Amino acid sequence: MALSRRRRRSAFRGAQYVLLLVIVVVFAFLANWGQIGRAFFDLDVAAAQFPDVITVALKNTIIFTALGFALGLGLGLVFALMRLSSVGAYRWFARAYIEFFRGLPALLIFLAVGVGVPIAFPDTHLPRNVSIMIALGIVSSAYMAETIRAGIQAVPRGQVEAARSLGMSPFRSMITIVIPQAFRIVLPPLANELIMLTKDSSLAFLLGTTPAQQELAQFSRQALLEAKGLTPIVVAGLCYLVITIPLSILQQRLEKKYGAGVSGGGAT
Amino acid sequence: MTDVIVEISGLHKAFGPLEVLKGIDLQVERGQVVCIIGPSGSGKSTLLRCVNLLEEPQQGKIVVNGNEITDEDVDIDGARRKIGMVFQSFNLFAHLTVLENLTVAQRKVLKRGKEEAERVARENLEKVGLSEKETSLPGQLSGGQQQRVAIARALSMNPDVMLFDEPTSALDPELVGDVLAVMRQLAEEGMTMLVVTHEMQFAREVADSVLFMDGGVVVEQGPPSQVIVDPQHDRTKSFLARVLDPTHSAGLD
C-alpha cells in the first residue's frame, strides 16, 4: 500500500517519538539514581559552596572576563583598522600579530604573561588583575580584529561614498558611519567571543591566586578536594551558565533591535 | 552675464586599460538643469562622479563654483559640502533614523548646533513630503521614500549644485513619479542640477540642456527640443528609438 506524503511524514515522526520513549525508559530503569545523585548533586555539599561561589568565584570570573573583553575589543578595533590601513607597515604588523596570537593556545599566552613578563622585566610588578586582563585581552584581540575587519568590509561601499559626498573626512566617515554599522553586523560573533572568553578566564589560576582571587573553575577544583563527588563542579558549571545564557538572550535582543539598522546591500 | 558654476574641460578617465571618458568639456550655468543621457557604459555616471571626485580623473580640469576640484591640494571635504549627491541606490545611513540622516553631516561637518540642524532637516523633510517619517529607519521606507530622504539629506547641507546619479533607476515604476516631482520642484526653485537619467519625459520638460553621451564622448548637446525631439546624430537617434519605444526597436542599430 502506498502511503501519501502526509501519512509517511506522520509515521516517520511517530517512529522517532517511540525511539525516544524507549531510550528514556531504559535509562530510567538501569541507572542507579541514588548513586548518581550523591556523585553529582549532593545538596549538603552544594549548600556549603554558598555564598562564596557567588560572592568570590562568580564575581571574579565576571570581572576577569569584562576586563579581558574590554582590552580585547579595543586592541581588536585598532588591529582591524591597521589591517585596512593604506600604510603597508601597519598592515603587515597587524597581520603578523593576528596570525601569531590566533594560532597560540590561551594557556601559553597566560604562561607567557604570568611567567615571562616578571622574568623579562624584573622591576615591573603588574597587579594580578592587570596580568589577567592583558592575557585575556591578547587572546581575544586577535580573533576580534579579524571579526571587526570583516564587519567593516561588509558595510556597503555606498555608505562611505554618501558620507564622503557630504564632506566627511575618511576618519569621520569611519567613526560615524562605518564602525557603528560594522558592530551591528558582527554582533553575533562578538557575543560568541565573549562567551568563549568567559570560559578562558578559568586559566587565571596559572597566574597564582589567593583564595579571594579565585574564579569559578579554580574555586570548584579547590572544593573538589574536600568533597566526595563532583557536586562542586556541577555548581560551578551552573554558575557559568548563569553568565552565558543571559548573554545569549541579550545577544538575541540586540540583534532584533538592530536588525532594521543593517544595510541590506544593494549599494553599488 | 553668464554665471558658470561647473566647468569641465578635457576630462579623461580610465579604469585600468578601459578608457571611460575620452575628453569631456561641459559648462553649467547657475540655476541650469543639465540632463545627461546615453546607453549604459557610455561614461555618464563616471562623469557625474568625477564632479565631486568620487572618481579621480587622470587628465582634465573640473572647477565648481571657483574651486578647482581636480587640484591635488584642494580641500576636497570642504568642496564636497557644497556639492549635493544623490545615488541610484539611495545610500541612506542604515543605522540612523531619517532625521539623524539629515542632521549627522550638518552637525559633524558644518558644526551646526542640534536645534539648528534639526530645524533645517525638518524644513527639507517637509519639502520632500516626508515630515511624518522622521523617526523611521531607512529600512522601513519604500525606495521612493528613501530617495526623497536622500535628496533632503543633500539639501540640508545647502549645496550650490546637486548631482543626481540615475535617481529613479532602482525604483519600482509607480514610485518614480514622487521622486521626479521633488526634482522638478527643486529645478523650479532655481537649483543647479546635473542629472544622469533615463527619464526622457523629465529631461524633455525640465532640462535646460541635454547631453547625449556614447563611448566616453559627448555626441550631442543642446536644448531638449533639439537633442530629444530632433536629434541630429545617428547614434542619438538609435538610442532614443530604443529608449522611447523599447518593444519595437529590438536589434535596430
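The structure displayed is predicted, hence computed values, not measured ones.

Caption draft 1: Region of the structure containing the overall build of chain A. Scanning chain A from terminus to terminus reveals twelve helices and zero strands. Secondary structure elements in chain A, listed N-terminal to C-terminal, are α-α-α-α-α-α-α-α-α-α-α-α. Taking 268 residues into account, the globule formula puts the C-alpha radius of gyration at 18 Å, and chain A, at 25 Å, lies well above it. Taken along its principal axes, the extent of the C-alpha atoms in chain A is 75 × 75 × 30 Å. Taking the intrachain contacts of chain A between residues at least 6 apart in sequence as the baseline, contacts between residues at least 24 apart amount to 79%. For chain A, the exposed area adds up to about 15,300 Å²; of that, 68% sits on carbon and sulfur atoms. Taken together, the 24 basic and 12 acidic charged side chains of chain A have centroids lying 17 Å from each other.

Caption draft 2: Summary view of unusual backbone geometry. Residue Pro51 of chain A follows Phe50 of chain A across a cis peptide bond; omega there is 0°. Mapped onto the secondary structure, Pro51 of chain A falls in the loop between helix H3 (43-49) and helix H4 (52-83). Its identity is not glycine, yet Leu53 of chain B carries a phi of approximately 65°, on the positive side. The residue Leu53 of chain B is located in the loop between helix H1 (44-51) and strand S4 (59-64) in this model. Taking relative accessible area as the criterion, Leu53 of chain B reaches 16% and is therefore assigned buried. The backbone phi angle of Glu166 of chain B is positive, close to 45°, even though this residue is not glycine. With respect to the helices, strands and loops of the structure, Glu166 of chain B is situated in the loop between strand S7 (161-165) and helix H6 (173-188).

Caption draft 3: Region of interest: the sheet that holds strand S8 (residues 192-196) of chain B. All names here are of chain B. With mixed pairing, six strands are arranged side by side in an open sheet as S6-S7-S8-S3-S9-S10. Only two strands of the sheet have a single neighbouring strand rather than two, namely strand S6 (83-86) and strand S10 (217-222). Strand-to-strand, the axes of this sheet are offset by a mean angle of 15°, without reference to chain direction.

Caption draft 4: Local environment of a negative patch on the surface. Residues and elements named next belong to chain B. Residues Glu56, Asp71, Glu72 and Asp73 make up a contiguous surface patch of negative charge. With respect to the helices, strands and loops of the structure, Glu72 is situated in the loop between strand S5 (67-68) and helix H2 (76-81). Residue classification places Glu72 among the exposed residues on the basis of a relative accessible area of 72%.

Caption draft 5: Representation of the confidence of the model for chain A. All names here are of chain A. The predicted model of chain A has a mean per-residue pLDDT of 89, with 96% of residues at 70 or higher. Averaged pLDDT values over the elements of chain A bottom out at 82 in H3 and peak at 97 in helix H8 (residues 157-165). Confidence drops under a pLDDT of 50 for residues 264-268, and excluding neighbours within four residues, the segment shows nine contacts in the predicted structure.

Caption draft 6: Broad picture of the pattern of salt bridges. Throughout the structure, instances matching the rule amount to 20 salt bridges over all chains. Between Glu146 of chain A and Arg83 of chain A there is a salt bridge, with its nearest N and O atoms 3.3 Å apart. In this pair, Glu146 of chain A sits in helix H7 (residues 128-154) while Arg83 of chain A sits in helix H4, placing the two residues 63 residues apart along the sequence. Across this residue pair, the class does not change: Glu146 of chain A and Arg83 of chain A are buried. The partner of Lys44 of chain B in a salt bridge is Glu166 of chain B, with the nearest N and O atoms 3.7 Å apart. Highlighted residues: Lys44 of chain B in helix H1 and Glu166 of chain B in the loop between S7 and H6, separated in sequence by 122 residues. Each member of the pair, Lys44 of chain B as well as Glu166 of chain B, carries the same accessibility label: buried. A single network of salt bridges, built from pairs that share partners, joins Arg83, Arg95, Glu99, Arg102, Glu146 and Arg149 of chain A.

Caption draft 7: A nonpolar patch on the surface, seen in detail. Residues and elements named next belong to chain A. Together, Phe27, Trp33, Ile36, Phe40, Phe41, Leu43, Leu230, Ile233, Leu238, Leu241, Ile245 and Ile249 line one region of the surface with nonpolar side chains, adding up to about 1,100 Å² of accessible area. Those elements that place two or more of their residues in the nonpolar patch are helix H2 (33-40) and helix H12 (231-258). For the nonpolar patch, the element with the most residues is H12, which contributes five residues. Assessed through its relative accessible area of 36%, Leu230 is described here as partly exposed.

Caption draft 8: Spatial organisation of the layout of surface pockets. Taken as a whole, the largest pocket encloses approximately 790 Å³ of empty space. What lines the largest pocket is a set of 28 residues, among which Arg157, Val160, Arg164 and Pro170 of chain A together with Arg80 of chain B lie closest to the centre. For the lining of the largest pocket, the elements supplying multiple residues, two or more each, are H7, H8 and helix H9 (170-185) of chain A together with H2 of chain B. Considering every element that reaches the lining of the largest pocket, the biggest residue donor is H9 of chain A, with six residues. Of the residues contributing to the lining of the largest pocket, the split by class is 17 nonpolar, four polar and seven charged.

Caption draft 9: Here's a closer look at empty space enclosed by the protein. For the structure on display, the rule yields one cavity of 30 Å³ or more. In terms of lining, the largest cavity is formed by Ala162, Ser165 and Leu166 of chain A together with Met85, Phe87, Ala150, Arg153 and Ala154 of chain B. Taken together, the elements giving at least two residues each to the lining of the largest cavity come down to H8 of chain A together with helix H5 (143-155) of chain B. The biggest single contributor to the lining of the largest cavity is H5 of chain B, with three residues. Among the residues forming the lining of the largest cavity, the class breakdown is six nonpolar, one polar and one charged.

Rules of the game
- Residues numbered from 1 in each chain as written.
- Chains lettered and ligands numbered in written order.
- Predicted model: local features only at pLDDT ≥ 70, side-chain atom pairs only at ≥ 80, totals over all residues.
- Heavy atoms only, no water.
- Helix = DSSP H or I, 4+ residues; strand = E, 2+ residues; numbered from the N terminus.
- Rg over C-alpha atoms; globule rule 2.2 N^0.38 Å.
- Contact = heavy atoms within 4.5 Å.
- Areas by Shrake-Rupley, 256 points an atom, 1.4 Å probe, with all protein chains shown as cover.
- Lys, Arg positive; Asp, Glu negative; His and termini not counted.
- Charge placed at Lys NZ, Arg CZ, Asp CG, Glu CD.
- Buried < 20%, exposed > 50% of the residue type's maximum accessible area, 1.4 Å probe, protein only.
- Pairing = 2+ DSSP bridges.
- Axes fitted to C-alpha atoms, helices over the stretch in contact; angles between N-to-C directions.
- Patch = residues over 30% accessible without salt bridge, like charges linked within 9 Å, V, L, I, M, F, W, Y side chains within 5 Å.
- Salt bridge = Lys/Arg side-chain N within 4 Å of Asp/Glu carboxyl O.
- pLDDT = per-residue confidence, 0-100.
- 1 Å grid on protein atoms, 1.4 Å probe; cavity = no way out; pocket = protein on both sides within 12 Å on 5 of 7 lines; lining within 4 Å.
- Points joined across faces, edges and corners; volume = space filled by probe spheres on them.
- Nonpolar A, V, L, I, M, F, W, Y, C, P; charged D, E, K, R; others polar.

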